Amino acid sequence: AVDMSVDIGGVRLPSPMMTASGCAANGREIHRFIDITALGAFVTKSVKLDPVSGRGTPRMAETPSGMLNSIGLQGPGVRAFVEKDLAWLHSIGARVIVSIAGNTASEFARVARTIVRSRYASAVAALEVNISCPNVANRGLVFACDPAGAHKVLTLVREEVPRGLPMVAKLSPDVTDIVEIADVVLRAGAHGLTMINTTLGVAIDTDRLRPHLVAATGGLSGPAIRPTAVRAIWQVAGAMREGRIRAAPIVGVGGVRHGTDALELVAAGATAIQVGTAAFNDPSAPHRVGVELEQLVADRGFERLADVVGIAHERF
Ligand code: DOR
């Protein structure tokens, strides 16, 4: 058997497979189809300080090349999240990565504080700091597109996380230089990077001749963005290998449906893999892709997944 365990900022996970934030709600629905305690981690929908009703509907649209969403970070707020969702995830023994979001840097920090001080904090394997939601009223609030803003968010959250709890920053592909943002968040103390969030798009209904989504713009996900994810991982992992930025684990996400897709992201430099959009059609996808990935790694003669991470950068 292949050693599929991964290390994210000092936390050992038995599997590289995770759900992608927002694509499996807070676990109850998908747990009817797959045992989420068998995943490396379950990643929650991003949690904000106060309840958010989100954008108007329709706020999801399928296109032939991917899914578009403008949910707008809908959620119950961090207190209800802790009492209802984190309590349940804790009770079933899941390893949880809590995705956090905020309108300001200090809001991110308050959400982090509430989670790490909650009585269910022992279920939390890491925090994923979502600085890259494309669906905010003022695009200026996409901290991942603003180096100074990104630095401030990560610095304030870092002050709240206890030793041993990794903080992973989720980056946007919609920047001219993703290596620059990676460098900024790593300097602010991020222990890892999740790449990538959705990329901004618009789909027009050709019968009504109006946008499909009420908000017009939305985040594009699914297979269409996989080469974009591979590119982002490739560029950042390359900079790490060349010593241009500090080395840290990369959690790869973007259009993964099959084991071969996951292997592509791993070979480009990802240590762990999240499955998002594919889980809507096939709730078993986060688990199945892990089984397929293990077989592909074994078929290629490797004993440890870690030996394949970034291998495509090597000269032969
Ligand atoms: O595509 C996305 N949609 N990415 C996010 O980070 C948040 C989400 C939403 O709630 O709009």
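To start, this report covers the structure provided alongside it. Just so it is clear, the structure is predicted and the values come from calculations on it, not from any experiment.

Side note on the packing of helix α4 (residues 147-158) against helix α5 (residues 178-187)
Next up, step 1: Interhelical geometry of α4 versus α5 gives an angle of 30 degrees and a closest axis separation of 8 Å. When the axes of α4 and α5 are compared, the pair comes out roughly parallel. Pair α4 / α5 crosses with right-handed handedness. Counted together, Pro-147, Ala-150, His-151 and Leu-154 of α4 and Glu-180, Ile-181, Val-184 and Val-185 of α5 form the full contact between these two elements.
Next up, step 2: In the contact of α4 with α5, the residues fall into six nonpolar, one polar and one charged.

Here's the deal with the sheet that holds strand β10 (residues 192-195)
Next up, step 1: Judged by pairing direction, the sheet is parallel, and its eight strands sit side by side in the order β3-β16-β15-β10-β9-β8-β7-β4 without closing on themselves. Edge positions in the open sheet fall to β3 (17-19) and β4 (42-43), since each of these has one partner strand only.
Next up, step 2: As paired strands, β3 and strand β16 (residues 272-275) are joined by three bridges and run parallel to one another. In the sheet register, Thr-19 faces β16, and the bridge partner there is Val-275.
Next up, step 3: Its contacts with the sheet put α5 on β9 (167-171) and β10, and the angle it makes with β9 is roughly 160 degrees.
Next up, step 4: The strands that helix α9 (residues 285-299) touches are β3 and β16; relative to β3, the one it contacts most, it runs at about 165 degrees.

A short note on the pattern of salt bridges
Next up, step 1: The tally for this structure, following the rule as stated, stands at 13 salt bridges.
Next up, step 2: Linking Arg-226 and Glu-264 is a salt bridge whose minimum nitrogen-to-oxygen distance equals 3.3 Å. Of this pair, Arg-226 sits in helix α6 (residues 226-241) while Glu-264 sits in helix α7 (residues 259-268), and the two are 38 residues apart along the sequence.
Next up, step 3: Take Glu-264: its relative accessible area is 38%, and that puts it in the partly exposed class.
Next up, step 4: We note a salt bridge from Glu-292 to Arg-288, for which the minimum N-O separation is 3.1 Å. Of the two residues, Glu-292 and Arg-288 are both situated in helix α9; the distance of four residues between them amounts to about one turn of the helix.
Next up, step 5: For Arg-288, a relative accessible area of 23% translates into the label partly exposed.
Next up, step 6: Each of Arg-226, Asp-261 and Glu-264 takes part in a single network of salt bridges with overlapping partners.

Rules behind the numbers
- Residues numbered from 1 in each chain as written.
- Predicted model: local features only at pLDDT ≥ 70, side-chain atom pairs only at ≥ 80, totals over all residues.
- Heavy atoms only, no water.
- Axes fitted to C-alpha atoms, helices over the stretch in contact; angles between N-to-C directions.
- Helix = DSSP H or I, 4+ residues; strand = E, 2+ residues; numbered from the N terminus.
- Parallel < 35°, antiparallel > 145°, perpendicular 65-115°, else oblique.
- Left-handed = near helix turned anticlockwise from the far one by under 90°.
- Contact = heavy atoms within 4.5 Å.
- Nonpolar A, V, L, I, M, F, W, Y, C, P; charged D, E, K, R; others polar.
- Pairing = 2+ DSSP bridges.
- Salt bridge = Lys/Arg side-chain N within 4 Å of Asp/Glu carboxyl O.
- Buried < 20%, exposed > 50% of the residue type's maximum accessible area, 1.4 Å probe, protein only.

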